[in-house]
Amino acid sequence: MPPPPDEEVHGDVWAGSGPVPGDREGKRAFGWGIAGIIFGPLALVALYYANKGQRLAEEAGIQPPSKVRTGKTLAWVGLGIWALWILFSIVTSVTG
């Protein structure tokens, strides 16, 4: 995808018509990230949307929206909690 025309980007800030590239994906990543904290495998969906939102923003030549970064952070926290839960389950089942 070619970079946007200069009149759509002013100093790394989106000034074009329509929503900021990656904003919708950032909102989805944020929501799925919260769900991923509750149920770990859903964090993978949050990572997908966060990476997609980041890619769209970078292709447009702007910084990714904050929701993308927050969604990615929540996804990694959810995956970490899920991994610790699995580890805890294995350790407690082996040791009794």
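Predicted model only: the values in this text are computed from it and were never measured.

A. Representation of helix H2 (residues 43-60). Spanning 18 residues, H2 covers 26 Å between terminal C-alpha atoms, matching the ideal 26 Å at 1.5 Å per step. All of the buried residues along H2 are Ala-43, Ala-46, Leu-47, Tyr-49, Ala-50, Gly-53, Ala-57 and Ala-60. Following H2 by one or two positions, Gly-61 has its phi on the positive side, about 85°.

B. Spatial organisation of the nonpolar core. Counting five residues, the largest nonpolar core is built from Ala-43, Ala-46, Leu-47, Ala-75 and Leu-79. Looking at this core, the elements that each hand over two or more residues are H2 and helix H3 (66-95). With three residues, H2 is the largest single contributor of residues to this core. Beyond its immediate sequence surroundings of up to four residues, Ala-75 is in contact with Gly-33, Ala-43, Ala-46 and Leu-47.

C. Spotlight on the environment of Leu-74. Along the chain, the position of Leu-74 falls in helix H3. When sequence neighbours within four positions are dropped, the list of residues in contact with Leu-74 reads Phe-30, Gly-33, Ile-34 and Ile-37.

D. The environment of Pro-21, seen in detail. Secondary-structure assignment places Pro-21 in the loop between strand E2 (13-14) and helix H1 (23-38). Along the backbone, Pro-21 and Gly-53 are 32 residues apart, and their C-alpha atoms lie at a distance of 7.2 Å.

E. Representation of the confidence of the model for the protein chain in the model. Confidence in the prediction for the protein chain averages 86 pLDDT; 81% of positions are at 70 or higher. Looking across the protein chain, the model is least confident in strand E1 (residues 9-10), with a mean pLDDT of 52, and most confident in H1, with 94.

What counts, and at which threshold
Residues numbered from 1 in each chain as written. Predicted model: local features only at pLDDT ≥ 70, side-chain atom pairs only at ≥ 80, totals over all residues. Heavy atoms only, no water. Helix = DSSP H or I, 4+ residues; strand = E, 2+ residues; numbered from the N terminus. Expected span 1.5 Å × (residues − 1). Buried < 20%, exposed > 50% of the residue type's maximum accessible area, 1.4 Å probe, protein only. Core = buried A, V, L, I, M, F, W, Y, C linked by side-chain atoms within 4.5 Å. Contact = heavy atoms within 4.5 Å. pLDDT = per-residue confidence, 0-100.

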